[in-house]
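Each chain, letter by letter, is given below.
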Amino acid sequence: MIEVKHLTKWYGRVAAVNDISFHVDRGRIVGFLGPNGAGKSTTLKILTCYQPATSGSASIDGLDVLSQSMEVRKRVGYMPEAVPLYPEMRVRELLMFFAALRDIPRRRRSAAVDQAAERCWLSKPQDMMRRKVGELSRGYKQRVGLAEVLLHNPPVLVLDEPTIGLDPAQIRAMRDLIRELGQDHTIIFSSHILAEVEQVSQQLILIAGGRIVAGGTPAELRQRVVGPSRIIAEIRSAGDEADKSMIADLAAIDGVKEVVPDTDGQKEAGWLRLAIQGTSAADLRGDVFNLASSKGWQLRELRRQVGSLEDFFIQMTYQQSIKPAAMAAQA
Amino acid sequence: MKKCLVLANRELSTYFYSPMAYVIGAMFLAVTALIFFHGLGLLDIPPVFRPGEEASLRSLFEAMAYIMVFTAPLLTMRLMSEEFRSGTIEKMLTTPISDTQIVLGKFLGVMSFYAVLLATTLVFMGLVARYGQPDAGVAVMGYLGMLLLGAAFTAVGIFTSSITRYQILAALVGITILAVFTLLMGPLAVYAPSPVSEIAARAGAMTYFRDFAKGMLDTRGLVYFISGTVLFLFLSVKSLESRRWR
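Remember, it's a predicted structure, so these values are computed and weren't measured experimentally. (Residues numbered from 1 in each chain as written. Chains lettered and ligands numbered in written order. Predicted model: local features only at pLDDT ≥ 70, side-chain atom pairs only at ≥ 80, totals over all residues. Heavy atoms only, no water.)

**Digging into the overall build of chain B**
If you tally the helices and strands in chain B, you get 11 helices and 0 strands. The N-to-C order of helical and strand elements in chain B reads α-α-α-α-α-α-α-α-α-α-α. A globule of 246 residues ought to have a C-alpha radius of gyration of about 18 Å, and chain B, at 19 Å, matches this closely. Dimensions along the principal axes, computed over C-alpha positions, put chain B at roughly 65 × 45 × 30 Å. A buried classification covers 53% of the 246 residues belonging to chain B. Within chain B, residue pairs in contact and separated by at least 24 positions form 76% of the contacts whose partners lie at least 6 positions apart. (Helix = DSSP H or I, 4+ residues; strand = E, 2+ residues; numbered from the N terminus. Rg over C-alpha atoms; globule rule 2.2 N^0.38 Å. Buried < 20%, exposed > 50% of the residue type's maximum accessible area, 1.4 Å probe, protein only. Contact = heavy atoms within 4.5 Å.)

Here is the structure:
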């Protein structure tokens, strides 16, 4: 559905996007993730025909964004970052205006506006549609922007930072809406907050410093971060001597590399928190439990620690931001 | 064309929402009224009513033409620059409308508002008709001239609005360009040395407008104002296109 090949965009002497390629299948929800200034918005602007790329190509539904711009624009609904709207217009008037620009026939316009408003929870306070856009709160403005994008029911939705500036309840609502829209739209949306993207998207694209640093489903990316297994166990302490032998017993389990006191968790008197580092990714929880039960240890927590996508994200983007700096230092 | 009308309609209603347009409109009428009764010695415009003489519509039209130097850029200054400043241009340029349609839509919008403004000056016509015998031909040609001049002036205004995101800058540049073509060309045509004076005489907007104000229809005037309009609208489209590449 969306095909991006070797896309590069220079702003003056700065490469905002540097040779990126990716592919999105029809009906997918794609999270476009990266720190601020990574090139997310630039890529989306090129995809939506707002700006031409310096080199490379992008197509939507097989239509080139540069040479078949008008056709692409008909198939895409784009919500720019910061959701620019005409502040002096009333909500209904604004939506009707865009419906007219979108070639929705006059007799269907009103129904299309009502439907889009309903979907974005704009129909609730009765006078909502009569309010001036400039007087709306951030959350409502965002909803109007989204309703506008849905007016012509485009197969592809491009949303730039759709959750920025929303409160937690609104963020959840927006997430649910994106998930719901994903059933009959291809959606690409950007964010610099991983938690938002991870829960909704079926595909993640990590971008940093104008380059794609990783891509795949959230599960695939998580696989890459797992590494050797690490288990946290909390066992009732039985005096220093007994604790030492306990640690030695645990360390003797097949596949355990080392056992150290866990420093991350909260310490509580009478309890021993241990971090058990494995040599491979194999799950050691069963073995630890069997040992504890055979020895009669009181075990109150046994947990496998999985490397978070967050760590991976920070690690990947950090590497990228270091690289260009190092290159600049050389030059 | 349908989309141009949709855009024009939005611009027109925006004018009626904003206090700015009323202030500009009121200013236009007030200054016109002032010159109507007192004339303007600086620009050699006599008052419309003079004792013992026929009421002169020419004064009225010339006065309005000069006032348009300020009025047109003030009316057009936000048309494009506000879209750049607020970012709504990003929405405009990603909906299926061409850059030409955007510029034409805005032009039609401001021209509709201008037509309403011109219509209100019919009050002055009423006054002249009540107390004198105005020439119907002069009135018709005068208004035709005002429409043509207004089209060219607003086209210049739209262009200056399309080169900056600051409304004030758009207005100032617009007023400067129009002042050069109206106020400066007159003295240049008289006092400058030979080649410059001849060019100034042909380039000045008032040279052509005076024919209309006298009740004459000169094709040179038609060509001058229409080609000016087309040229500046074309430049506006190009300026808008170039935004994408920056």
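**Observations concerning the interface of chain A and chain B**
Taken together, the contact pairs 27 residues of chain A with 24 residues of chain B. Interface area, chain A with chain B, both sides summed: about 2,600 Å², of which 62% is carbon and sulfur. In terms of surface lost to chain B, no three residues of chain A exceed Y50, Y86 and L101 of chain A, which account for 25% of the buried area on that side. On inspection of chain A and its partner chain B, the count reaches 3 salt bridges. For E148 of chain A, the salt bridge identified is with K91 of chain B, shortest N-O distance 2.3 Å. Along the contact surface separating chain A from chain B lie 11 residue pairs in polar contact (both at pLDDT 80 or more). Only strand 1 (2–11), helix 2 (69–75), helix 3 (91–101) and helix 5 (138–150) of chain A provide two or more residues apiece to the side of chain A that touches chain B. (Buried area = accessible area lost by both parts, 1.4 Å probe. Salt bridge = Lys/Arg side-chain N within 4 Å of Asp/Glu carboxyl O. Polar contact = N/O pair within 3.5 Å; in protein donor to acceptor, adjacent residues only side chain to side chain.)

**Some points on helix 10 (residues 285–295) of chain A**
Residue and element names in this part refer to chain A. The complete set of buried residues in helix 10 reads V288, L291 and A292. Angularly, the buried residues of helix 10 cover 95° about the axis, an arc narrow enough to put them on a single face. Where the residues of helix 10 are buried, they touch helix 9 (239–251), strand 13 (271–278) and strand 14 (299–305). Phi turns positive, to about 75°, at G296, one or two residues after helix 10. (Arc of directions from axis to C-beta.)

**Describing the pairing of strand 2 (residues 14–24) of chain A**
Residue and element names in this part refer to chain A. In the sheet, strand 1 pairs with strand 2 via 7 bridges, with the strands oriented antiparallel. Paired with Y11 across the strands is V14, a residue of strand 2. Taking the residues that link successive antiparallel strands as the turn, the strand 1-strand 2 hairpin has 2 residues, and the phi of G12 there is positive, at about 60°. (Pairing = 2+ DSSP bridges.)

**Remarks on the nonpolar core**
The biggest cluster of nonpolar side chains holds 126 residues, and the ones touching the most others in it are F61 and M92 of chain B. Once residues within four sequence positions are removed from consideration, F61 of chain B is found in contact with M125, V138, A139, G142, Y143, M146, F209 and A213 of chain B. If you look at the next biggest cluster of nonpolar residues, it comprises 27 residues, including I20, V30, F32 and A38 of chain A. (Core = buried A, V, L, I, M, F, W, Y, C linked by side-chain atoms within 4.5 Å.)

**Examining the packing of aromatic side chains**
Residues and elements named next belong to chain B. Under the definition given, this model contains 13 aromatic pairs over all chains. Ring geometry for Y15 versus F113: centroids 4.7 Å apart, planes at 25°, classification stacked. Separated by 98 residues along the polypeptide, Y15 in helix 1 (residues 2–17) and F113 in helix 5 (residues 99–120) bring together distant segments of the chain. Summarising the burial analysis for this pair, Y15 and F113 share the class buried. For the pair Y224 and F225, a centre-to-centre distance of 5.2 Å together with 80° between the ring planes defines the contact as edge-to-face. F225 gets classed as buried once you look at its relative accessible area, which sits at 1%. Each residue in the set Y15, F16, Y22 and F113 is aromatic and connected to the rest through ring pairs, giving one cluster. (Phe/Tyr/Trp six-rings, centres within 6.5 Å; stacked < 30°, edge-to-face > 60°.)

**Concerning the domain arrangement of chain A**
Domain annotation of chain A identifies domain 1 (2–224) and domain 2 (228–305). Inter-centroid distance (C-alpha atoms) of domain 1 of chain A to domain 2 of chain A is 47 Å. (Domains from an automatic or database assignment.)

**Points about a nonpolar patch on the surface**
All names here are of chain B. Judged by side-chain polarity, I163, Y166, L169 and V173 come together as a nonpolar surface patch covering roughly 360 Å² of accessible area. Considering the arrangement of structural elements, one finds I163 in the loop between helix 7 (136–161) and helix 8 (167–191). Given a relative accessible area of 38%, I163 falls into the partly exposed group. (Patch = residues over 30% accessible without salt bridge, like charges linked within 9 Å, V, L, I, M, F, W, Y side chains within 5 Å. Areas by Shrake-Rupley, 256 points an atom, 1.4 Å probe, with all protein chains shown as cover.)

**Remarks on empty space enclosed by the protein**
Summary: where empty space remains is shown by rolling a probe the size of a single water molecule over the atoms. Residue and element names in this part refer to chain A. Under the counting rule described, the total for this entry stands at 1 cavity of 30 Å³ or more. Looking at the largest cavity, its volume works out to about 50 Å³. If you go around the largest cavity, the residues you meet are W121, G139, Q142, R143, L166, Q170, A173 and M174. Contributions of two or more residues to the lining of the largest cavity are made by helix 5 and helix 6 (168–181). Its residues placed into classes, the lining of the largest cavity shows 4 nonpolar, 3 polar and 1 charged. (1 Å grid on protein atoms, 1.4 Å probe; cavity = no way out; pocket = protein on both sides within 12 Å on 5 of 7 lines; lining within 4 Å. Points joined across faces, edges and corners; volume = space filled by probe spheres on them. Nonpolar A, V, L, I, M, F, W, Y, C, P; charged D, E, K, R; others polar.)

**Some points on the sheet that holds strand 10 (residues 211–216) of chain A**
Residues and elements named next belong to chain A. Across the sheet, which stays open at both edges, the 6 strands sit in the order 6-7-8-3-9-10 with mixed pairing between neighbours. Both edges of this open sheet fall to strand 6 (76–79) and strand 10, since each of them pairs with a single strand only. The mean angle between the axes of side-by-side strands here comes to 15°, regardless of whether they run parallel or antiparallel. Packing against the sheet, helix 6 makes contact with strand 3 (29–33), strand 7 (156–159) and strand 8 (186–191), and its axis sits at approximately 150° to strand 8. (Axes fitted to C-alpha atoms, helices over the stretch in contact; angles between N-to-C directions.)

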